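Architecture and fold: a report
Spelled out from the first residue to the last, the chains are:
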Amino acid sequence: MTDSPVALVTGGGSGIGAAVARRLLDEGWRVTVTGRGERRLRDFAASLGDPEGLLTVTGSAAEYDDVRDAVERTLKAYGRLDTVVANAGFATHDTVAEGDPAGWTEMVLTNVLGPALLIRASVDALKETRGRIVLVGSVAGFVNGPGNLYGATKWAVTGLAENTRRQVTEFGIGVTLVAPGRVETPFWDSYGSLPPGHLLTADQIADSVVWAIRQPEGVDVNTVVVRPIGQPV
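Below: a short report on this structure. As the structure is a prediction and not an experimental result, all values here were calculated from the model.

**Some thoughts on the layout of surface pockets**
- In this structure, the second largest pocket occupies an estimated 410 Å³ of space.
- Taken together, 19 residues form the lining of the second largest pocket, with Arg130, Gly131, Arg132, Gly172 and Glu217 sitting closest to its centre.
- For the lining of the second largest pocket, a count of residues per class yields 5 nonpolar, 8 polar and 6 charged.

**Here we look at the nonpolar core**
- Counting 31 residues, the largest nonpolar core has Val20, Val31, Val33, Val85, Ile205 and Val209 as its most contacted members.
- Elements that contribute at least two residues to this core include exactly strand S1 (6–9), helix H1 (15–26), strand S2 (30–35), helix H2 (38–47), strand S5 (132–136), helix H6 (202–213) and strand S9 (223–226).
- Among the elements that make up this core, the one with the highest residue count is H1 (7 residues).
- Not counting chain neighbours up to four residues away, the residues in contact with Val85 comprise Leu8, Val9, Thr10, Val20, Leu118, Val134, Val136, Val209 and Ile213.
- Within the second largest apolar cluster, 27 residues are counted, among which are Val57, Ala70, Val71 and Ile133.

**Focus on empty space enclosed by the protein**
- Summed over the entire model, instances satisfying the criterion amount to 2 cavities of 30 Å³ or more.
- Considering only enclosed or pocket space, the largest cavity measures out at about 70 Å³ in volume.
- Together, Leu8, Thr10, Thr34, Val57, Thr58, Gly59, Ser60, Ala61, Asp66, Val67, Ala70 and Leu118 line the largest cavity.
- For the lining of the largest cavity, the element with the most residues is helix H3 (residues 64–78), which contributes 3 residues.
- Residues that form the lining of the largest cavity fall into these classes: 6 nonpolar, 5 polar and 1 charged.
- The volume enclosed by the second largest cavity comes to roughly 30 Å³.
- Lining the second largest cavity, in full, are Thr10, Ala61, Ala86, Asn87, Ala88, Thr110, Gly114, Pro115 and Leu118.
- With 4 residues, the single largest contributor to the lining of the second largest cavity is helix H4 (residues 104–129).

Parameters at a glance
- Residues numbered from 1 in each chain as written.
- Predicted model: local features only at pLDDT ≥ 70, side-chain atom pairs only at ≥ 80, totals over all residues.
- Heavy atoms only, no water.
- 1 Å grid on protein atoms, 1.4 Å probe; cavity = no way out; pocket = protein on both sides within 12 Å on 5 of 7 lines; lining within 4 Å.
- Points joined across faces, edges and corners; volume = space filled by probe spheres on them.
- Nonpolar A, V, L, I, M, F, W, Y, C, P; charged D, E, K, R; others polar.
- Core = buried A, V, L, I, M, F, W, Y, C linked by side-chain atoms within 4.5 Å.
- Buried < 20%, exposed > 50% of the residue type's maximum accessible area, 1.4 Å probe, protein only.
- Helix = DSSP H or I, 4+ residues; strand = E, 2+ residues; numbered from the N terminus.
- Contact = heavy atoms within 4.5 Å.

Spelled out as structure tokens, the structure:
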């Protein structure tokens, strides 16, 4: 166990992040999950039986001190860091012409600044392990939606993934953007209902994330777009 790989997953208390954490724990990884809600993190750990290889850290993905603290606590607890998964993010589910700007700042900072802060805080540790960075983007970062500011943040994540790859590949670090289509997760809670049609599950997206992480040394899968069958855009 002391030599097993280590991952840090932001927004790991529910949805895709929690599914990734569960899958990695099942495969023998040690995992740190972060989130803003301490109770949600406690409940997640309890649902797994409070495993020895799980560390929960409360904090904001958009605050550098919190992100750096999570990385430092991971290194102190486990002695290494092999993978970071920038999963934290949310949508205000409104538009630039008709929406409420009050929620936009937090969304933009969490969705765009958050992954960049995680990269900055973890890159030195990842150099040591020649590890991997996974950014959870969205199909909305490839397809324009009318007035969709959330989509614009995910376009930024699409660009950040490739910009990061071009820098860190010389350090032996891999970078993967996983861009899901519609997934049945708490993402839709503020929307009021699930969207129509078939939806993917968080576990199905976790399959793609873990598949990218498990690629052989020297292989760097860069972009994975995953839609449910029947989603036209």
